[in-house]
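Fold and geometry: a report
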Amino acid sequence: MMFGSEIDKVLVSEEQIRERCKELGAELTKAYEQEADKLLVVALLKGSVPFLSELIKRIELPLEIDFMDVSSYDGTESIGDIKIIKDLDCSVKGMDILLVEDIIDTGRTVYEVKKLLYNKGAQRVRVVSLLDKPERRVVNIEADYVGYVVPNEFVVGFGLDYNQKYRNLPYIGVLKPEVYQ
C-alpha cells in the first residue's frame, strides 16, 4: 500500500501550514516584543514538533525552547488526568510561556498542563495550537492563537498520528475510517 493512500482528503496543505505559521509568527512577535523579557516556548511531545519547528523560525525574538511529554490517555480513551512522562528541564518561575500544541481536542491536556505551569510559578501561559477541534471540547479552554479550526474528523499528518503513524505527512489529512475502525 502506498504511504498516504489511507488519507481520505487533505484538510490543510503544506503551503497553507507554512503561510499560517508566518502569520502566527508575526502575531506572536508583536504580542511578546513589548511584554516578555524572556520567552519560553514549551512544546508538548511528540505531535507538536513539526509545528514548533515551522513556527519558531517565524518568531523574531530571542526565545528558549523546552519540551514536556504528557499523556492523558489510557488506550484510546482520555482519562482527564495527565501523567508527566518528561517534565521541563528548567524552572518556569516568573516566566512568560508559550505552550505549543498540535491540536486542542477535548482540551483536557492543555487545561491540565497550563494549570501545572502556573502552579510551578509561571507569570503567564499562552497557548498556540496548529489545530482546534471545538466540537470535541469537554473543558473550558481556548487557545490564544489558532492555526486552523477543523471539523470533528480523525486528522493526521504534520505531527498528528494514528498509532504513531502518519506524523511525517507534510499536510493535515483526514484518515479513512476503515483504517481506525
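Now for a look at the structure at hand. (Residues numbered from 1 in each chain as written. Predicted model: local features only at pLDDT ≥ 70, side-chain atom pairs only at ≥ 80, totals over all residues. Heavy atoms only, no water.)

1. Observations concerning the overall build of the chain
In terms of regular secondary structure, the chain is built from four helices and nine strands. Ordered by position in the sequence, the α and β elements of the chain form the string β-α-β-α-β-β-β-α-β-β-β-β-α. Scaling as 2.2 N^0.38, a compact globule of 181 residues should have a C-alpha radius of gyration of about 16 Å, and the chain matches this with 16 Å. Seen through its principal axes, the chain has C-alpha atoms that stretch 50 × 35 × 25 Å. Within the chain, buried positions represent 47% of all 181 residues. (Helix = DSSP H or I, 4+ residues; strand = E, 2+ residues; numbered from the N terminus. Rg over C-alpha atoms; globule rule 2.2 N^0.38 Å. Buried < 20%, exposed > 50% of the residue type's maximum accessible area, 1.4 Å probe, protein only.)

2. What to know about the sheet that holds strand β1 (residues 7-12)
Judged by pairing direction, the sheet is antiparallel, and its three strands sit side by side in the order β1-β9-β8 without closing on themselves. In this open sheet, the two edge strands, each paired with only one partner strand, are β1 and β8 (155-156). Two elements, β1 and strand β9 (residues 172-175), share four bridges in a ladder whose sense is antiparallel. Bridged to lysine 9 within β9 is valine 174. (Pairing = 2+ DSSP bridges.)

3. Some details on the side chain of glutamate 101
Along the chain, the position of glutamate 101 falls in strand β5 (residues 96-104). Here glutamate 101 occupies a buried position and makes no salt bridge, while the nearest side chain of opposite charge, arginine 167, is found at 8.7 Å. (Lys, Arg positive; Asp, Glu negative; His and termini not counted. Salt bridge = Lys/Arg side-chain N within 4 Å of Asp/Glu carboxyl O.)

4. Some thoughts on the nonpolar core
Ranked by size, the top nonpolar core spans 27 residues in total, and within it Phe51, Leu98, Val128, Leu131 and Ile172 carry the most contacts. Those elements that provide at least two residues to this core are α1 (14-33), β2 (39-44), α2 (49-56), β5, β6 (124-132) and β9. Beyond its immediate sequence surroundings of up to four residues, isoleucine 172 is in contact with Val10, Leu11, Val12, Ile17, Leu130, Leu131, Val155, Val156, Gly157, Phe158 and Leu160. In terms of nonpolar packing, the next biggest core, distinct from the first, is built from 20 residues, Met68, Val70, Leu99 and Leu117 among them. (Core = buried A, V, L, I, M, F, W, Y, C linked by side-chain atoms within 4.5 Å. Contact = heavy atoms within 4.5 Å.)

5. Re unusual backbone geometry
Most peptide bonds take the trans form, and the phi angle of most residues other than glycine is negative. Residue lysine 46 follows leucine 45 across a cis peptide bond; omega there is -5 degrees. If you trace the backbone, lysine 46 turns up in the loop between β2 and α2. The phi angle at phenylalanine 158 is positive, at roughly 45 degrees, despite the residue not being glycine. Its place among the elements puts phenylalanine 158 in the loop between β8 and β9. Even without being a glycine, tyrosine 166 presents a positive backbone phi close to 80 degrees.

6. Re the packing of α1 against α2
It is the contact of α1 with α2, at a shortest axis distance of 8 Å, that shows an interaxial angle of 60 degrees. Overall, the two elements α1 and α2 adopt an arrangement that is oblique. The element α1 and its partner α2 pack so that their crossing is right-handed. On α2, the residues that touch Arg18, Cys21, Leu24, Gly25 and Leu28 of α1 are Phe51, Glu54 and Leu55. For the contact of α1 with α2, a count of residues per class yields five nonpolar, one polar and two charged. (Axes fitted to C-alpha atoms, helices over the stretch in contact; angles between N-to-C directions. Parallel < 35°, antiparallel > 145°, perpendicular 65-115°, else oblique. Left-handed = near helix turned anticlockwise from the far one by under 90°. Nonpolar A, V, L, I, M, F, W, Y, C, P; charged D, E, K, R; others polar.)

7. A short note on the pattern of salt bridges
Pairing of side chains with opposite charge becomes possible as their charged atoms draw close. Applying the stated criterion to the full structure yields 17 salt bridges. For the salt bridge of glutamate 14 with arginine 18, the shortest nitrogen-to-oxygen distance reads 3.4 Å. Taken together, the positions of glutamate 14 and arginine 18, both in helix α1 and four residues apart, correspond to about one turn of that helix. Overall, the relative accessible area of 39% leaves glutamate 14 in the partly exposed class. With its nearest N and O atoms 2.4 Å apart, the salt bridge here joins arginine 137 to aspartate 132. For arginine 137, a relative accessible area of 16% corresponds to the buried category. A relative accessible area of 5% means that aspartate 132 is categorised as buried. Each member of the salt-bridge network shares a partner with another, and the members are Glu14, Glu15 and Arg18.

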